[in-house]
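Each chain is listed here by its residues.
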Amino acid sequence: MHDMRQPTITIYHNPACGTSRNTLALIRNSGVEPVIVEYLKTPPGRARLVELIAALGTPVRSVLRRKGTPFDELALDDPKWSDDELIDFMVAHPILMDRPIVVTSIGTRLCRPSEVVLDILPSKQLAPFAKEDGEPVVDAQGRRVSS
């Protein structure tokens, strides 16, 4: 049963991605278990993708991922593609969607680097946190470590 006092947080997650895993761990470190959408298994669909990009307030192109995707073979850096066409490509090839995208009551962000998520988490960090590579992100007082 969903506790109404717990704000709903959704992460569009790729478990194979270290940045995505770190972001998920930071959400959990605030005491919240988010709704996890493994978008490669359950893509958001065109309407939701359009909503997410609008909520991000960034150009469609900034949500495209190049590394490890068909970006280059589809020649997606060609300016001839309209935003609608680029969204169609993301619907056809969800791997083209950069990750992780996190939605909270405060805002929607593409969390690269993962600590961007701290800007939109309603609850503070409960414990120190370091990324998988050992880089500290949150100190023992739950405060963001400045790099």
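For the structure, see preceding data.
Residues numbered from 1 in each chain as written. Predicted model: local features only at pLDDT ≥ 70, side-chain atom pairs only at ≥ 80, totals over all residues. Heavy atoms only, no water.

### Focus: the pattern of salt bridges
Then, number 1: Under the defined criterion, the tally for this structure stands at 14 salt bridges.
Then, number 2: The residue aspartate 77 makes a salt bridge to arginine 66 at a minimum N-O spacing of 2.8 Å. In this pair, aspartate 77 is assigned in the loop between α2 (45–56) and α3 (83–92) and arginine 66 in the loop between α2 and α3, connecting sequence segments eleven residues apart.
Then, number 3: By sharing partners, the salt bridges in this structure join Arg46, Asp84 and Asp88 into a single network. (Salt bridge = Lys/Arg side-chain N within 4 Å of Asp/Glu carboxyl O. Helix = DSSP H or I, 4+ residues; strand = E, 2+ residues; numbered from the N terminus.)

### Description of the sheet that holds strand β3 (residues 101–103)
Then, number 1: If you trace the four strands from one edge of the open sheet to the other, you get β2-β1-β3-β4, paired in mixed fashion. Edge strands, defined here as strands with exactly one partner in the open sheet, are β2 (35–38) and β4 (108–110). Averaged over neighbouring strand pairs, the angle between their axes works out to 15° when direction is ignored.
Then, number 2: Examined bridge by bridge, strand β1 (residues 10–13) and β3 share three bridges and lie antiparallel to one another. Across the sheet, isoleucine 11 pairs through a bridge with valine 102, a residue of β3.
Then, number 3: Lying on the sheet, helix α1 (residues 18–28) is in contact with β1, β2 and β3; it crosses β1 at an angle near 160°.
Then, number 4: Packed onto the sheet, α2 meets β1, β3 and β4 and runs at close to 90° relative to β4. (Pairing = 2+ DSSP bridges. Axes fitted to C-alpha atoms, helices over the stretch in contact; angles between N-to-C directions. Contact = heavy atoms within 4.5 Å.)

### A few points about the packing of α2 against α3
When two helices pack together, their arrangement is given by the angle between their axes and by how far apart the axes lie.
Then, number 1: The N-to-C vectors of α2 and α3 enclose an angle of 120°; their axes lie 10 Å apart at closest approach. One finds that α2 runs oblique with respect to α3. Crossing of α2 against α3: the hand is right-handed. Residue-level contacts link Gly45, Arg46, Leu49, Val50 and Ile53 of α2 to Asp84, Ile87, Asp88, Met90 and Val91 of α3.
Then, number 2: In terms of residue class, the contact of α2 with α3 is built from six nonpolar, one polar and three charged. (Parallel < 35°, antiparallel > 145°, perpendicular 65-115°, else oblique. Left-handed = near helix turned anticlockwise from the far one by under 90°. Nonpolar A, V, L, I, M, F, W, Y, C, P; charged D, E, K, R; others polar.)

### Describing the state of the cysteines
Then, number 1: One pass over the full model with this rule turns up zero disulfides.
Then, number 2: With no disulfide of its own, cysteine 17 has cysteine 111 as its nearest cysteine by sulfur position, at a separation of 11 Å.
Then, number 3: What makes cysteine 17 buried here is its relative accessible area of 4%.
Then, number 4: The class of cysteine 111 is buried, set by a relative accessible area of 0%. (Disulfide = S-S within 2.5 Å. Buried < 20%, exposed > 50% of the residue type's maximum accessible area, 1.4 Å probe, protein only.)

### Let's talk about the nonpolar core
Buried together is how nonpolar side chains tend to be arranged in soluble globular proteins.
Then, number 1: Grouped together as the largest cluster of nonpolar side chains are 21 residues, with contacts concentrated most on Tyr12, Leu76, Met90 and Met97.
Then, number 2: Mapped onto this core, the elements with two or more residues apiece are α2, α3 and β3.
Then, number 3: Formed by 16 residues, the second largest nonpolar core is a distinct cluster that contains Leu26, Val116, Leu118 and Val138. (Core = buried A, V, L, I, M, F, W, Y, C linked by side-chain atoms within 4.5 Å.)

### Quick word on unusual backbone geometry
Then, number 1: Residue proline 100 follows arginine 99 across a cis peptide bond; omega there is -5°.
Then, number 2: For the bond running from arginine 112 to proline 113, omega is 0°, close enough to zero to count as cis.
Then, number 3: If you check the backbone angles, alanine 75 has positive phi at about 55° while not being a glycine.

### Here's the deal with the pairing of β1
Then, number 1: Residues Thr10 and Tyr12 line one face of β1 and the alternating positions Ile11 and His13 line the opposite face, and both faces are buried.
Then, number 2: Regarding topology, α1 serves as the crossover connection from β1 to the parallel β2, and that connection is right-handed. (Right-handed = clockwise from strand over helix to strand, strands pointing away.)

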